[in-house]
Amino acid sequence: MAGHARTVDRHRLNLVLGQGNRDAALAAVDGYRNLDGGYGWGLEPDLRSASSQPGGAVHAFEVFADVGAPTPQAHELCAWLQSVSLANGGLPFALPISDPAACAPFWVSADPSAPSLQITAIVCAAAARVAEFDPVVAQHPWFGTAVQFCFDAINSAGVLGALELAFALQFLDSIHRQYPEAESLTEKLGARIPWNGVVHVEGGATGENMRPLDFSPFPDRPSRSLFDAAVMSAELSELASRQQVDGGWSVDFDSCSPAATLEWRGHATVKTIFVLKRNGVV
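In this report, we go over the structure that sits alongside the text. Everything quoted here is computed from the prediction, not taken from an experiment. (Residues numbered from 1 in each chain as written. Predicted model: local features only at pLDDT ≥ 70, side-chain atom pairs only at ≥ 80, totals over all residues. Heavy atoms only, no water.)

Let us look at the packing of aromatic side chains. Counted under the stated rule, the structure contains twelve aromatic pairs. With a centroid separation of 5.9 Å and an interplanar angle of 50°, the aromatic rings of W142 and F143 are classed as tilted. A relative accessible area of 0% means that W142 is categorised as buried. Here the guanidinium or amino end of R278 rests over the ring plane of F218, the centre of that ring lying 4.2 Å away. (Phe/Tyr/Trp six-rings, centres within 6.5 Å; stacked < 30°, edge-to-face > 60°. Buried < 20%, exposed > 50% of the residue type's maximum accessible area, 1.4 Å probe, protein only. Lys NZ or Arg CZ within 6 Å of the ring centre and 35° of its normal.)

Rendered as structure tokens:
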């Protein structure tokens, strides 16, 4: 983490390990915050634009969830998300980007008038972790309308890409206690996943796949029933074994800038430690 990670991810790791400083983590993520309440400036490593973007909101909510206490920043982020949501409650994959340097092409070319299940689902999944302890987030009008958009989009979905499928399942897991209908939708999506849980990311790097722990990262959620226990046990062992000699983990996708290549390692290491802890491996 010292050699690759951003300050914000180093603080996140300390929080995950139970030894962090909440105020320091919030101060670190505030560096990516704009006056409108949204987040940019490369908080999503492959989206270097300074502008507030839904992709930045995902990572901001991750920090707030690790902090584990209500914050004004989370409430203001909900208000910003409400301001940029489309009429049906969905978020566009990305808003217009006027400063595209070092941004991944898929962010720059996104249609800001089209609602995206992929980004709305993963923003909601991250926000739901915050909503578990923050009633303002749980009851915010943006959250309720975004959840309903995701339900409608999943119900009517045709072919789903690997990332859409993974993020939709993470979303359903995150809200299943408050919305009982999530479990039946989980079963519906589960029928699209092969027995080994490996789905290639179309258009991604060679060997870039969504795997069982991408679809079902936590053991106490409905999606875990989609996978044989032996498959999940093997995946957890394999994930732990991918730790490199410097202590960190890497990602299997390509980055669009030298900065992002480094930063994703820090983010991936925090995520991996969190998932291994929640599954009782570490």
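The rest of the description comes next.
What follows concerns the nonpolar core. If you look at the biggest cluster of nonpolar residues, it comprises 89 residues, and the most contacted ones within it are F61, F64, W142 and F171. Element by element, the count of residues in this core is highest for helix α6 (residues 117-131), at twelve residues. Setting aside anything within four residues of it in sequence, one finds F171 in contact with A121, C124, A125, V147, C150, F151 and I154. (Core = buried A, V, L, I, M, F, W, Y, C linked by side-chain atoms within 4.5 Å. Helix = DSSP H or I, 4+ residues; strand = E, 2+ residues; numbered from the N terminus. Contact = heavy atoms within 4.5 Å.)

The next subject is the side chain of E208. By secondary structure assignment, the location of E208 is in the loop between β1 (199-200) and β2 (209-210). Here E208 is buried and forms no salt bridge, its nearest opposite-charge partner K271 lying at an N-O distance of 11 Å. There is a polar contact of 2.8 Å between the side chain of E208 and the backbone nitrogen of A205. Each residue touching E208, except ones within four places of it in the same chain, is listed here: H200, V201, D252 and F253. (Lys, Arg positive; Asp, Glu negative; His and termini not counted. Salt bridge = Lys/Arg side-chain N within 4 Å of Asp/Glu carboxyl O. Polar contact = N/O pair within 3.5 Å; in protein donor to acceptor, adjacent residues only side chain to side chain.)

Right, let's get into the state of the cysteines. Counted by the stated rule, this structure contains zero disulfides. With no disulfide of its own, C103 has C256 as its nearest cysteine by sulfur position, at a separation of 8.7 Å. Note on C103: relative accessible area 8%, which makes it buried. (Disulfide = S-S within 2.5 Å.)

This brings us to empty space enclosed by the protein. One pass over the full model with this rule turns up two cavities of 30 Å³ or more. Considering only enclosed or pocket space, the largest cavity measures out at about 40 Å³ in volume. R6, V8, D9, R12, L43, H59, E62, V63 and H267 are the residues that line the largest cavity. For the lining of the largest cavity, the secondary-structure elements that each account for two or more residues are α1 (7-16) and α3 (54-67). (1 Å grid on protein atoms, 1.4 Å probe; cavity = no way out; pocket = protein on both sides within 12 Å on 5 of 7 lines; lining within 4 Å. Points joined across faces, edges and corners; volume = space filled by probe spheres on them.)

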